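If you want the building blocks of each chain, they are given just below.
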Amino acid sequence: MLAIFAAFVVVVMVEIYAIIQVAHAIGALDTIALLIIVSVIGAWLTKHEGFVVLRRLRAQLDAGRAPTDALIDGVLVLGAGVLLMVPGFVTDAIGLLVLFPPTRVPLRRSLRRRFSVRAFGDPPDDGVIDV
């Protein structure tokens, strides 16, 4: 619990520092406008990507397959949406990295490996999680 609190404090401090630096470079009103624009565009991108993941989830269910990748992608898109809605440039950058599919694939693989180790004690050989 202490680690989560410390991470929260560090993220807030980094965001404030980044916002101050950007405000010095482009001005306070432009910085506020940029934060609002990024949040609005981030919400739209999250909605779009969420529907893409939902369609893939439905297609996998209709085909009779377990939608493991689609479920993990759904959680990652949700997390990216939260990061994009938080005002700040650092969280926006991380949120955009998680939101876009090419950069989301390595994170998905890492999460799948982590969950398989916790659930089964060892990673699966073929990359498939048996349900």
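Everything below is about the structure printed above this text.
Residues numbered from 1 in each chain as written. Predicted model: local features only at pLDDT ≥ 70, side-chain atom pairs only at ≥ 80, totals over all residues. Heavy atoms only, no water.

**Quick word on the pattern of salt bridges**
Heads up, the condition is: The rule for a salt bridge is simple: a side-chain nitrogen of Lys or Arg has to be within 4 Å of a carboxyl oxygen of Asp or Glu. Helix numbers and strand numbers start at the N terminus; a helix is a DSSP run of H or I with at least 4 residues, a strand a run of E with at least 2. Each residue's exposure class comes from its accessible area (1.4 Å probe, protein chains only) as a fraction of the maximum for that residue type: buried when under 20%, exposed when over 50%, partly exposed otherwise.
The full count for this structure, using the stated rule, is six salt bridges. As a salt-bridge pair, R104 and E49 come within 3.1 Å of each other at their nearest N and O atoms. A residue pair is termed long-range when its members are at least 10 positions apart, and R104 in helix α5 (residues 101-120) and E49 in helix α2 (residues 28-62) qualify at 55 residues. Given a relative accessible area of 2%, R104 falls into the buried group. A network of salt bridges, in which partner residues are shared, links E49, R56, D69, D73, R104, R108 and R112.

**Some thoughts on the nonpolar core**
Going by this rule: Among buried residues, those of type Ala, Val, Leu, Ile, Met, Phe, Trp, Tyr and Cys that are joined through side-chain atoms within 4.5 Å constitute a nonpolar core. Contact criterion: two residues are considered in contact whenever any of their non-hydrogen atoms come within 4.5 Å of each other.
By size, the foremost hydrophobic cluster in this structure holds nine residues: L45, V53, I72, L76, V77, A80, L84, V98 and L99. Those elements that provide at least two residues to this core are α2, α3 (68-85) and α4 (89-99). With five residues, α3 is the largest single contributor of residues to this core. Discounting residues that sit within four places of it in the chain, V77 has contacts with T46, E49, G50, V53, L99 and R104.

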